[in-house]
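Here are the chains, one letter per residue:
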Amino acid sequence: MVTNLPPEAKAKFAKYQEARTPEEKLQALQEFLSAVPKHKGTENLVRWIRRRMAELREEIEESRRKSSMRGGGLSFFVSKEGDAQVVILGFTKSGKSLFLKKLTNVKVEVSDTPYSTTYPVSGMFIHRDIYFQLIETPSLTPDPESKINRRSIGLARNADALIILTDLSNDPVSQYGEIVRLLDNEGIKIIKPRGRIEIIKAPDIGSLRVVSYGRIIGGTLDDVRKIAEGYRIYRAEIRIYGELTLDDIEDQILGLYTYKPAIVVGNKKDLVKTDISCTELRNSVPEEIPVLCVSSLTGGFEEELGSSLIKILNLIRVYTKPPNGEVSKKPLVIKRGTTVLEIAKMLHEDIHRGFQFARIWGSSVKYPGARVGGQHIVEDGDIVEIHYRIIRRD
């Protein structure tokens, strides 16, 4: 919980947010750290700064190493592909490589040697026309200061969701608990917070707007505006969802923690004779988090895993078509609750600017081809036909 940061520290943090290169970010964080008062209220913040500085130093070092090698060499960074990126975390011998191979058919070496995977490996898992980029990370270690842990969890921080893989034949409950502790130490939560903020910055936002879709505990919209302005956020829209205190909001502005939806998988079901390990694992995980007990060797869990990923990521598929044209073969994969006007903006700025109406075929309307306005919320499987006029730009 962050309290009473001096204006100088807030100005230094704003400089960090504006920095573009890793070198500039590292320098700005060093200045920010020096300006942060050291007391109990800033312990989490200081820990976050030092963690981020260590990540930046490694990023700079890796960039220099790659530039000195012909062809660039291997990298720990994985560019996002597909509709969602999902990182697989687990301890050694949990079966991550075979799990990835079974789902994606990627050419990966499956070895009995501990810690044989030293760099991330990715493959594409396709389920109901949705492309999930699965990333196998190097095995975690019990050492919280491990460089490999920091790198693997760094991948998790940038992902859309996580798969926590445990070995059902080797105390899966302890493995799950230890991975959650490692994530928590790095500011990553897998339990959905009671509230969140979204900061939207765009060229057409000329001032600071604060919109609440939930409740601010112990404060007002004006208080939130003052906090944001303290960090030099002047042109943005801040959206508040759920219930948040002012301290919660400040923590999220600073990025002290991030929420990642997760699935817990008990692997190697073929090696256990009873369901006791699976039951114990299920009982140790909060109800909101899906738990799957599988065998990467025998397979047959693809449908359950795909459906669970869709659920935790809150995804739906929408198929678009131009007026009098054919329906797209590949869907637009979006978050549940998306409006027609938001879809128009995803397709093209001209379609968004000139939007007139849309016609919908699917479960979100009472009859096929119903005419709807921009605020209509689409459902999974809908076909959307957008009508718009071209607006000339001056």
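Predicted model only: the values in this text are computed from it and were never measured. (Residues numbered from 1 in each chain as written. Predicted model: local features only at pLDDT ≥ 70, side-chain atom pairs only at ≥ 80, totals over all residues. Heavy atoms only, no water.)

Chemist: I'd love a proper account of the pattern of salt bridges, names of residues and values included.
Modeler: In the structure shown here, the tally under the stated rule is 23 salt bridges. A salt bridge links Lys330 to Asp83; the nearest nitrogen and oxygen atoms lie 3.5 Å apart. Here the residue Lys330 occupies a position in the loop between strand E13 (315–320) and strand E14 (332–335), and Asp83 occupies one in the loop between helix H3 (43–67) and strand E1 (84–90), the gap between them amounting to 247 residues. We note a salt bridge from Glu186 to Arg157, for which the minimum N-O separation is 3.7 Å. With Glu186 in the loop between helix H6 (172–185) and strand E5 (188–189) and Arg157 in helix H5 (residues 147–158), the pair connects residues that are 29 residues apart, well separated along the chain. (Salt bridge = Lys/Arg side-chain N within 4 Å of Asp/Glu carboxyl O. Helix = DSSP H or I, 4+ residues; strand = E, 2+ residues; numbered from the N terminus.)

Chemist: Residues and numbers for the pairing of strand E9 (residues 236–245), please.
Modeler: Summarising the sheet, strand E6 (residues 195–200) and E9 pair through six bridges and their orientation is antiparallel. Opposite Ile199, over in E9, you have Ile238 as the bridge partner. Note that strand E8 (residues 215–217) and E9 share three bridges and pair parallel. Following the sheet pairing, Ile217 is matched in E9 by Thr245. The handedness of the E8 to E9 crossover, carried by helix H7 (residues 221–230), is left-handed. (Pairing = 2+ DSSP bridges. Right-handed = clockwise from strand over helix to strand, strands pointing away.)

Chemist: Account for the nonpolar core, with residues named and values stated.
Modeler: One recurring pattern in soluble globular proteins: nonpolar side chains tend to sit buried together. Of all hydrophobic cores here, the largest spans 36 residues; its most connected members are Phe32, Leu45 and Ile49. Mapped by element, the contributors of at least two residues to this core are helix H1 (7–18), helix H2 (22–35), H3, strand E7 (208–212), H7, E9 and helix H8 (246–254). Broken down by element, this core gets its largest block of residues, seven residues, from H3. (Core = buried A, V, L, I, M, F, W, Y, C linked by side-chain atoms within 4.5 Å. Buried < 20%, exposed > 50% of the residue type's maximum accessible area, 1.4 Å probe, protein only.)

Chemist: Give a detailed account of the state of the cysteines, specifying residues and quantitative values.
Modeler: One pass over the full model with this rule turns up one disulfide. A sulfur-sulfur distance of 2.0 Å marks the disulfide that ties Cys278 to Cys293. Disulfide Cys278-Cys293: the torsion about the S-S bond is 100°, which places it as right-handed. Here Cys278 is found in helix H9 (residues 276–284), whereas its partner Cys293 is found in strand E12 (residues 291–293), with 15 residues between them in sequence. Judged by its relative accessible area of 23%, Cys278 is partly exposed. (Disulfide = S-S within 2.5 Å.)

Chemist: Run through the sheet that holds strand E4 (residues 161–167), naming residues and quoting values.
Modeler: The mixed open sheet is built from six strands, whose spatial order is E2-E3-E1-E4-E11-E12. Strands at the two margins of the open sheet, each flanked by one partner only, are strand E2 (121–127) and E12. Recorded for the sheet is a direction-independent mean angle of 25° between the axes of neighbouring strands. Relative to E12, strand E11 (residues 262–267) is paired through three bridges, and the arrangement is parallel. Bridge pairing links Val265 to Leu292 in E12. Lying on the sheet, helix H4 (residues 96–104) is in contact with E1, E2, strand E3 (130–136), E4 and E11; it crosses E2 at an angle near 40°. H6 contacts E1, E4 and E11 of the sheet and is inclined by roughly 145° relative to E4. (Axes fitted to C-alpha atoms, helices over the stretch in contact; angles between N-to-C directions. Contact = heavy atoms within 4.5 Å.)

Chemist: Give a description of helix H11 (residues 340–347) that names residues and reports values.
Modeler: Where H11 is concerned, the buried positions are Val340, Ile343 and Ala344. Around the axis of H11, the buried residues are gathered within 105° of arc, so they sit on the same side. In this structure, the buried residues of H11 make contact with E13, E14, helix H12 (349–353), strand E15 (355–361), strand E16 (370–372) and strand E17 (383–388). (Arc of directions from axis to C-beta.)

Chemist: Explain the packing of H1 against H2 to me, using residue names and the numbers behind them.
Modeler: One can describe the packing of H1 onto H2 by two numbers: an axis separation of 8 Å at closest approach and a directional angle of 170°. For the element pair H1 / H2, the angle class is roughly antiparallel. Of H2, the residues touching H1 (which contributes Glu8, Ala9, Lys12, Phe13, Lys15 and Tyr16) are Lys25, Ala28, Leu29, Glu31, Phe32 and Ala35. For the contact of H1 with H2, the per-class residue count stands at seven nonpolar, no polar and five charged. (Parallel < 35°, antiparallel > 145°, perpendicular 65-115°, else oblique. Nonpolar A, V, L, I, M, F, W, Y, C, P; charged D, E, K, R; others polar.)

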